[in-house]
Amino acid sequence: MTIAILGTGSVGAALGVAFDDAGHIIVYGSRDPSRDDVQGLVARTGAAASAATHAEAVAHADAVVLATPWEATEALVRSLDLAGKVVLDATNPITWPNLALVAEPSGGEAVQQAAPEARVVKAFCTIGANIMADTAFDAGMRPALFVAGDDAEAKALALKLAESIGFESLDAGPLSRSAALEHTAVLWISLAMQGGRDFAFGLLRR
């Protein structure tokens, strides 16, 4: 499938390379797709990868990943035609350095409100980009990746994509659970600030 990744920072880059490795076609959306760092990311991603404006990237995509800074996300979403699109919201509405969540009731729901005809799933927001880039852990353990959404097909796609790049994907329920996922992100970030980023949450089953 073709995946549009809006944002070329650490999260967008990590997911773009990982999804390319899993066999998908990646189009990075950027305000300036000709910029040297964007073209460098395209070159690192794979032969089929490309960059375009945000609107061009979204136009023919099967899924859209939001990997933009939160402060730019809502305006960008409102500017695009996302009707019917599966939108995977990997953003977190967090202020620095106090790690306060600023979207009510959650960032995922704010994205849905900004694009009411999109099929929004909160995903890829609870761990750092370094784990997205390398999901391998000792003894075959897989990091957990939670997703939340109201559209069953869109959520199934998010779960499948997470599995394809090495996560144990878990259905966290409706989009209203986005707040819980964003709080989980705050926990991960706070722990990473104390002891380093090379860890992930996992699931033990009996």
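Further up the page is the structure itself.
Small disclaimer: the values here were computed from a predicted structure and weren't measured.

**Q** It is not clear to me how the layout of surface pockets should be interpreted in this structure. Could you clarify?
**A** Taking a probe equal in size to a water molecule and rolling it over the atoms shows the remaining empty space. Approximately 860 Å³ is the volume attributed to the largest pocket. In this structure, the largest pocket is lined by 36 residues; those nearest its centre are Val-11, Ala-67, Thr-68, Pro-69 and Trp-70. Elements with a contribution of two residues or more to the lining of the largest pocket: helix 1 (10-21), helix 4 (70-79), helix 6 (129-133) and helix 8 (178-195). Here the lining of the largest pocket gets five residues from one element, more than from any other, and that element is helix 8. Considering only residue class, the lining of the largest pocket consists of 19 nonpolar, 13 polar and four charged. For the second largest pocket, the calculated volume is near 170 Å³. Along its surface, the second largest pocket is lined by Phe-137, Met-141, Arg-142, Pro-143, Glu-168, Phe-199, Ala-200, Phe-201, Gly-202, Leu-203 and Leu-204. Among the residues forming the lining of the second largest pocket, the class breakdown is eight nonpolar, one polar and two charged.

**Q** Whenever I open this one, the packing of aromatic side chains confuses me. Can you help?
**A** Throughout the structure, instances matching the rule amount to four aromatic pairs. Relative to Phe-199, the ring of Trp-188 lies with its centre 5.2 Å away and its plane at 20 degrees, an arrangement referred to as stacked. Note that Trp-188 is positioned in helix 8 and Phe-199 in the segment after helix 8, a separation of eleven residues in sequence. Note on Trp-188: relative accessible area 3%, which makes it buried.

**Q** Help me out: how do you make sense of the pairing of strand 2 (residues 25-29) in this one?
**A** A regular strand places its side chains so that they alternate between the two faces of the sheet. Counting buried positions along strand 2 gives four out of five residues, so the element sits mostly inside the fold. Two elements, strand 1 (residues 2-6) and strand 2, share five bridges in a ladder whose sense is parallel. When the sheet's bridge partners are listed, Ala-4 is paired in strand 2 with Val-27. Between strand 1 and its parallel partner strand 2, the chain crosses via helix 1, and the hand of that crossover is right-handed. When strand 2 meets strand 3 (residues 50-52), the two strands line up parallel, connected through three bridges. Counterpart to Val-27 in the pairing with strand 3 is Ser-50. Once the chain exits strand 2 it traverses helix 2 (residues 36-45) before rejoining the sheet at strand 3, and the crossover so formed is right-handed.

**Q** Please explain the nonpolar core as it appears in this structure.
**A** Side chains of a nonpolar character, in soluble globular proteins, are inclined to be buried together. Ile-5, Leu-15, Phe-19, Val-65, Leu-88, Phe-124 and Phe-167 are the most contacted members of the largest nonpolar core, which has 42 residues in total. Each residue touching Phe-124, except ones within four places of it in the same chain, is listed here: Leu-15, Phe-19, Leu-88, Ala-90, Met-132, Leu-145, Phe-146, Ala-158, Leu-161, Ala-162, Ile-165 and Phe-167. Ranked by size, the runner-up nonpolar core spans 23 residues in total, among them Ala-4, Val-58, Val-77 and Leu-175.

**Q** Whenever I open this one, the pattern of salt bridges confuses me. Can you help?
**A** Opposite charge on two side chains permits them to pair, given that their charged atoms come into close proximity. On inspection of all chains with the given rule, the structure shows eight salt bridges. The residue Asp-89 makes a salt bridge to Lys-122 at a minimum N-O spacing of 2.8 Å. In this pair, Asp-89 sits in strand 5 (residues 86-89) while Lys-122 sits in strand 6 (residues 119-122), placing the two residues 33 residues apart along the sequence. Residues Glu-153 and Arg-119 are paired through a salt bridge, measuring 3.3 Å at the closest nitrogen-oxygen approach. In this pair, Glu-153 sits in helix 7 (residues 152-164) while Arg-119 sits in strand 6, placing the two residues 34 residues apart along the sequence. Given a relative accessible area of 62%, Glu-153 falls into the exposed group. Its relative accessible area of 23% is what places Arg-119 among the partly exposed residues. Taken together, the salt bridges that share partners define one network made up of Asp-89, Lys-122 and Glu-182.

Basis of the calculations
- Residues numbered from 1 in each chain as written.
- Predicted model: local features only at pLDDT ≥ 70, side-chain atom pairs only at ≥ 80, totals over all residues.
- Heavy atoms only, no water.
- 1 Å grid on protein atoms, 1.4 Å probe; cavity = no way out; pocket = protein on both sides within 12 Å on 5 of 7 lines; lining within 4 Å.
- Points joined across faces, edges and corners; volume = space filled by probe spheres on them.
- Helix = DSSP H or I, 4+ residues; strand = E, 2+ residues; numbered from the N terminus.
- Nonpolar A, V, L, I, M, F, W, Y, C, P; charged D, E, K, R; others polar.
- Phe/Tyr/Trp six-rings, centres within 6.5 Å; stacked < 30°, edge-to-face > 60°.
- Buried < 20%, exposed > 50% of the residue type's maximum accessible area, 1.4 Å probe, protein only.
- Pairing = 2+ DSSP bridges.
- Right-handed = clockwise from strand over helix to strand, strands pointing away.
- Core = buried A, V, L, I, M, F, W, Y, C linked by side-chain atoms within 4.5 Å.
- Contact = heavy atoms within 4.5 Å.
- Salt bridge = Lys/Arg side-chain N within 4 Å of Asp/Glu carboxyl O.

Spatial relationships are all this shows, so hold off on functional conclusions.
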